[in-house]
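# Per-entry structural report
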Amino acid sequence: MVKIERTFPAPASLEAEAKKLSGKYDKPDVVKQLREDAHDKCYICEMKGLQDPVVEHLLPHKDGKYSDRKFDWNNLFWVCGHCNSVKNQQKYDEGVIDCCKKDPEEFISFRLINEEIDVHANNPDNKEAVLTATLVNEVFSLKNTGMRVYKSNMRFQELNKEMNKLYDNLEELKQKPDSKVVLRKLRALLRRESSFAAFKRNYIKDNKDRYPHLIEYIN
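Note that this is a predicted model, so its numbers are computed, not measured. (Residues numbered from 1 in each chain as written. Predicted model: local features only at pLDDT ≥ 70, side-chain atom pairs only at ≥ 80, totals over all residues. Heavy atoms only, no water.)

### Notes on the packing of helix H6 (residues 146–175) against helix H7 (residues 180–190)
Close contact between H6 and H7 brings their axes to 10 Å; oriented N to C, the two are set at 150°. If you check the angle between H6 and H7, you find them roughly antiparallel. Crossing of H6 over H7 shows left-handed handedness. Residues Glu162, Lys165, Leu166, Asn169, Leu170, Glu172 and Leu173 of H6 form the contact with H7, whose participating residues are Val182, Leu183, Lys185, Leu186, Leu189 and Leu190. In the contact of H6 with H7, the residues fall into eight nonpolar, one polar and four charged. (Axes fitted to C-alpha atoms, helices over the stretch in contact; angles between N-to-C directions. Helix = DSSP H or I, 4+ residues; strand = E, 2+ residues; numbered from the N terminus. Parallel < 35°, antiparallel > 145°, perpendicular 65-115°, else oblique. Left-handed = near helix turned anticlockwise from the far one by under 90°. Contact = heavy atoms within 4.5 Å. Nonpolar A, V, L, I, M, F, W, Y, C, P; charged D, E, K, R; others polar.)

Here you go:
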């Protein structure tokens, strides 16, 4: 999960649909703007090119019980069906970081260590960060149904592929420290817009003594 810059003004359809008895919050203009703002990534797991995208409410509207939330542009996010399903637990109803207002990387560490996901709050007393880290961990590891086994494993495998791209390019950089091509590839891999960016960017932070010249790519 990385910081997302939300585009304003809100899509025009939201105001019009809010006036209807059965208005829709996922009209084409909303979908288009959310997808572009999120760089075609799920805001939770950061997988790109979603096959099952959903327009999600950060704070649930409870079937219209909280009508002010249902059409609130600030409350809508681009998410995959898997993450939306995992987040649809009561414990996540309140308190997940709004990544359009706060930078999750400032509060949470995202690591892949020895083939294990390690996502945790930098400050264990920060309840918002702890809850958000729990959510990210679960979307990669929750396996309480057959489909969740498949979908969690798929995300874990895709994360591994993306991290291996980073490792391969860092190894190539050792052999060719002045290669503009390699540096250009690393810059692309470390942009917030890339898949699983939080994990890749965190790796560089953890190894800043080895790669001091790459720190500028994650600032």
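### What about unusual backbone geometry?
A cis amide bond, omega 5°, links Phe8 with the succeeding residue Pro9. In this model, His39 sits at a positive phi of 55°, which is unusual for a non-glycine residue. Along the chain, the position of His39 falls in the loop between helix H2 (28–37) and strand S1 (53–57). Using a relative accessible area of 34% as the deciding quantity, one classes His39 as partly exposed. Positive phi outside glycine occurs at Phe196, with the angle close to 50°. Note on placement: Phe196 falls in the loop between H7 and helix H8 (197–206). Phe196 sits in the buried class, given a relative accessible area of 2%. (Buried < 20%, exposed > 50% of the residue type's maximum accessible area, 1.4 Å probe, protein only.)

### Observations concerning the side chain of Glu56
Within the element layout of this structure, Glu56 appears in strand S1. A distance of 2.8 Å separates the side chain of Glu56 from the side chain of Tyr43, its partner in a polar contact. (Polar contact = N/O pair within 3.5 Å; in protein donor to acceptor, adjacent residues only side chain to side chain.)

### Overview of the pattern of salt bridges
Evaluated as defined, the whole model comprises 22 salt bridges. With its nearest N and O atoms 3.1 Å apart, the salt bridge here joins Glu56 to Lys87. In this pair, Glu56 sits in strand S1 while Lys87 sits in helix H4 (residues 81–87), placing the two residues 31 residues apart along the sequence. For Glu56, a relative accessible area of 4% puts it in the buried group. (Salt bridge = Lys/Arg side-chain N within 4 Å of Asp/Glu carboxyl O.)

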